[in-house]
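Geometric and topological summary
The lines below spell out each chain.
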Amino acid sequence: MDILKQIAENLRQGNDKKVLELTKQAIKQKIPSKEILDNGLIAGMNVIGEKFKAHEIFLPDVLLAARAMYAGMDELKPILIKERVPTIGKVVIGTVQGDLHDIGKNLVGIMLKGAGFEVIDLGNDVSPERFIEVAKKENARVIGMSALLTTTMLGMKKVIDLLNKQSLSGEIKTIIGGAPVSEEFAREIGADAYGYDSTSAVECVKKLIKIS
Amino acid sequence: MRPVVKFLEDELIERIISEARDILCKLGVEIHNKDILSMLRDYGAKVEPNKYHVFLTEDIIDRALKTAPGSFNLYDVLGYETHNFSGFNVYFTPGSTALNILDYETEKIRRPTTTDYINYTKVVSRLENIASQSTAFIPADVTEKISDSYRLYLSLLYCEKPVVTGSFTIQAFNIMKDLQLVVRGTKEELAKKPLTIFSCCPTSPLKWSDVTSQNVLDCALYSIPVEYISMPLSGFMAPVTLVGTLVQHTAETLSGLVISQLTNPGTPVLYGGSPAIFDVRYETTPTGAVETQMIDCAYNEIGKYLGLPTQAYISLSDSKQFDAQAGLESSMGATLAALAGINNISGPGMLDFESCQSLEKLVLDNEICGTTLRLIKGIEPREDFPSLPRFKELLKEKHLLISEHTLRYLREEHYFPGAVIDRANRARWLEEGGLTLCERAHREIKRVIKEYKPSKLPDEIKGELTRLMEDEARRYGMDSLPSRL
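Now for a description of the structure that goes with this document.

**Here we look at the overall build of chain A**
Scanning chain A from N- to C-terminus turns up 9 helices and 5 strands. In chain A, the succession of α and β elements from N to C terminus is α-α-α-α-β-α-β-α-β-α-β-α-β-α. Whereas a compact globule of 212 residues would reach a radius of gyration of roughly 17 Å, chain A reaches 18 Å, a difference of no more than 12%. Counting all 212 residues of chain A, 46% fall into the buried class. If you take every contact in chain A between residues at least 6 apart in sequence, the share linking residues at least 24 apart comes to 73%.

This is how it looks when you write it as structure tokens:
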């Protein structure tokens, strides 16, 4: 089996040690880093996403695969940077101001990284200004906001309003999620997307930056 | 600790048994079968000539109790063990012998066909929480003279699981026994590895018809397990109180035990039944009533006290549709039955006072069964102590989704229901079609029928089964059996 297929296969099985070893081998064989990324690591993760959606595997299997993906990525990243291979996109995520609930947001972060995104996690209780400041500085294409409380979810609107005010809403897309929010709420406040769980969040982000 | 529900104190159980024995000895029981009466006479029972009435003796009852096995196993058509009826082991089997099925498209009942029955066997073969088949309904496209054996034939042909069944006539026992002999090879092998259980029903109060008593006797001669299905109706054909009903159930079941054990000591039996309260408003016998289910659990305690494995028709509903009442009654029954440790729990799929099977309900009930099977595994520590290391890990990693402990115990600790049970959030549920329970169940049926893999029973045995069944059909005036395409 060709080495990239082996990477994808071992990633599917959540075998991080093997993925790391194979990624090292692939680099040694002078396979272009973008090919290792696209046809090895991300190819494996795509299959995982489909299987999870079809209820064939469970969340822990996805996370194990994501861990294997990171193992390969850590090895590959310096080369990608050196060769100026662009990542598929940067996403800034965080729980909005006044809210300390970050379980859902963390899960979205893991899944986004698993799908090959560069994720900047601002943690919880993040002010609207900070979301935008970091997104601008990092050249992020998407801001992902999470809230668990009906009282804090209104903070999402503040971020979107501020983006509009700074005329950034075309460049920086927004996605929201969390127990109290919905598709309708997303429309109401002018968010670009609503993710109902971590898998749907990844799909939405891909659509927002038009990579699928 | 396995959770257990109990309704009767030992002292009350002893009193109920003693009263039941008293009834059998002093009031006697009607058995419309001369061979059995003659056998009982030989054992010292007083038989009233020309009245089919026999007064049992304490000695006869003791003898039967002494030889009845405290446990037995069932084996599938390939000879693999599937059931160990003992202690508090619990197995589910579909409700048996419905006249109708509930049609998904029309939402109306109709008489089932061969195709319906084959689809049923294909579905049952894939339901992992349903341990055996039952001959769940009666195909109406064959003469009724063979409708009992024909069900068994189709079951043995299409599904590997053992079968809970029964014959409608004395004559039909022969072919039903022969079909089993074809699968097992010899009488000895069939006795060693039981393949079916025959339901045999006394008539309340305290009567055995010629057919049902002969069935008990014939099964005993071939060591085919029998489940006694005594059906006292509280307030109508039995005392209105639950204890009074239990006395009658005990007497009727003990009388059946006597027939099998004196015929062939050691014949496997299940201390079973389908009693019910009588609803004096509607003149019906609700199987989903809580009192009915309490009687079931309680007679199971009596059976266990006597050292016998047990059975009950309990996880079913009287609703006419696949609706919330169907789920409520079946679920309550299954839960109580599992907690009570009823060994063979009959009912899944059944609606409308045991008269209507629904494949959609059967698929839902499979999930109810899975849930109760998880329930009775109880709560056990699994590398939970000392707790400190795990909580250190949690605080460090921020989650335990891929902790070794999670990966090791996830599937043991959490039961994952199939696609019938909706656990998606609303947005995902909508995205996946926003299907109702019935639609999801129907989709599952279509999926499992499509994925059906034929039984691994060798082709020559399948051929021999078909030859036997065709002969039987011809004997009763049918030129051929319905097409199975």
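**Here's the deal with the overall build of chain B**
Summing up its helical and strand segments, chain B has 17 helices and 20 strands in all. Projecting the C-alpha coordinates of chain B onto the three principal axes gives extents of approximately 85 × 60 × 50 Å. Burial status across chain B gives 48% buried among its 485 residues. Taking contacts inside chain B between residues at least 6 apart in sequence as the whole, the part at least 24 apart equals 75%.

**Re unusual backbone geometry**
Residue and element names in this part refer to chain B. Geometrically, the link from S204 to P205 is a cis peptide bond, its omega value of -5 degrees lying close to zero. Structurally, the position occupied by P205 is in the loop between β11 (196–200) and β12 (207–208). The phi torsion at S223 lies on the positive side, around 55 degrees, for a residue other than glycine. With respect to the secondary-structure elements, S223 resides in the loop between α8 (210–221) and β13 (226–228). Its identity as a non-glycine residue notwithstanding, E354 has a phi of 65 degrees, on the positive side.

**A few points about the environment of G327 of chain B**
Tracing the chain through its elements places G327 of chain B in helix α11 (residues 324–340). Residues G327 of chain B and L316 of chain B lie 11 residues apart in sequence; the distance between their C-alpha atoms is 8.6 Å.

**Quick notes on helix α3 (residues 58–67) of chain B**
Residues and elements named next belong to chain B. When α3 is considered as a whole, its buried residues turn out to be I60, I61 and A64. The buried residues of α3 occupy an angular sector of 100 degrees when projected down its axis, which confines them to one face. For α3, the exposed residues lying more than 90 degrees away from the buried face are E58, D59, D62 and K66.

**Some points on the environment of Y75 of chain B**
All names here are of chain B. As for its position among the elements, Y75 is in strand β4 (residues 72–75). The partly exposed category is assigned to Y75, around which 19 C-beta atoms lie within 10 Å. Measuring from C-alpha to C-alpha, the distance between Y75 and K192 comes to 9.4 Å, with 117 residues separating the pair along the chain. If we skip the residues at most four places from it in the chain, Y75 touches Y80, E81, T82, P162, K193, P194 and L195.

**Details of helix α5 (residues 147–158) of chain B**
All names here are of chain B. Between its first and last C-alpha atoms α5 spans 17 Å; for 12 residues at 1.5 Å apiece the expected length is 16 Å, and the two agree. Among the 12 residues that make up α5, 11 are buried, leaving the element largely enclosed by the rest of the structure. Within α5, the full set of buried residues consists of D148, S149, Y150, R151, L152, Y153, L154, S155, L156, L157 and Y158. For α5, the secondary structure elements touched by its buried residues are α4 (114–126), β9 (133–134), β10 (163–165), α6 (172–184) and α17 (459–475).

**Comments concerning the interface of chain B and chain A**
Counting residues at the interface gives 11 residues for chain B and 10 residues for chain A. Where the side of chain B that touches chain A is concerned, the elements lending two or more residues are α14 (404–413) and α15 (426–431) of chain B. When residues of the side of chain B that touches chain A are assigned to their parent elements, the largest contribution, 3 residues, is made by α14 of chain B. Its residues assigned to classes, the side of chain B that touches chain A shows 6 nonpolar, 3 polar and 2 charged.

**Considering the nonpolar core**
Residues and elements named next belong to chain B. The biggest cluster of nonpolar side chains holds 120 residues, and the ones touching the most others in it are Y153, L156, V258, A337 and I345. For this core, the element with the most residues is helix α9 (residues 242–263), which contributes 8 residues. Each of domain 1 (10–61) and domain 2 (67–375) gives at least three residues to this core.

Conventions used here
- Residues numbered from 1 in each chain as written.
- Chains lettered and ligands numbered in written order.
- Predicted model: local features only at pLDDT ≥ 70, side-chain atom pairs only at ≥ 80, totals over all residues.
- Helix = DSSP H or I, 4+ residues; strand = E, 2+ residues; numbered from the N terminus.
- Rg over C-alpha atoms; globule rule 2.2 N^0.38 Å.
- Buried ≥ 20, exposed ≤ 12 C-beta atoms within 10 Å, placed from the backbone.
- Contact = placed C-beta atoms within 7 Å.
- Arc of directions from axis to C-beta.
- Expected span 1.5 Å × (residues − 1).
- Nonpolar A, V, L, I, M, F, W, Y, C, P; charged D, E, K, R; others polar.
- Core = buried A, V, L, I, M, F, W, Y, C linked by C-beta atoms within 7 Å.
- Domains from an automatic or database assignment.

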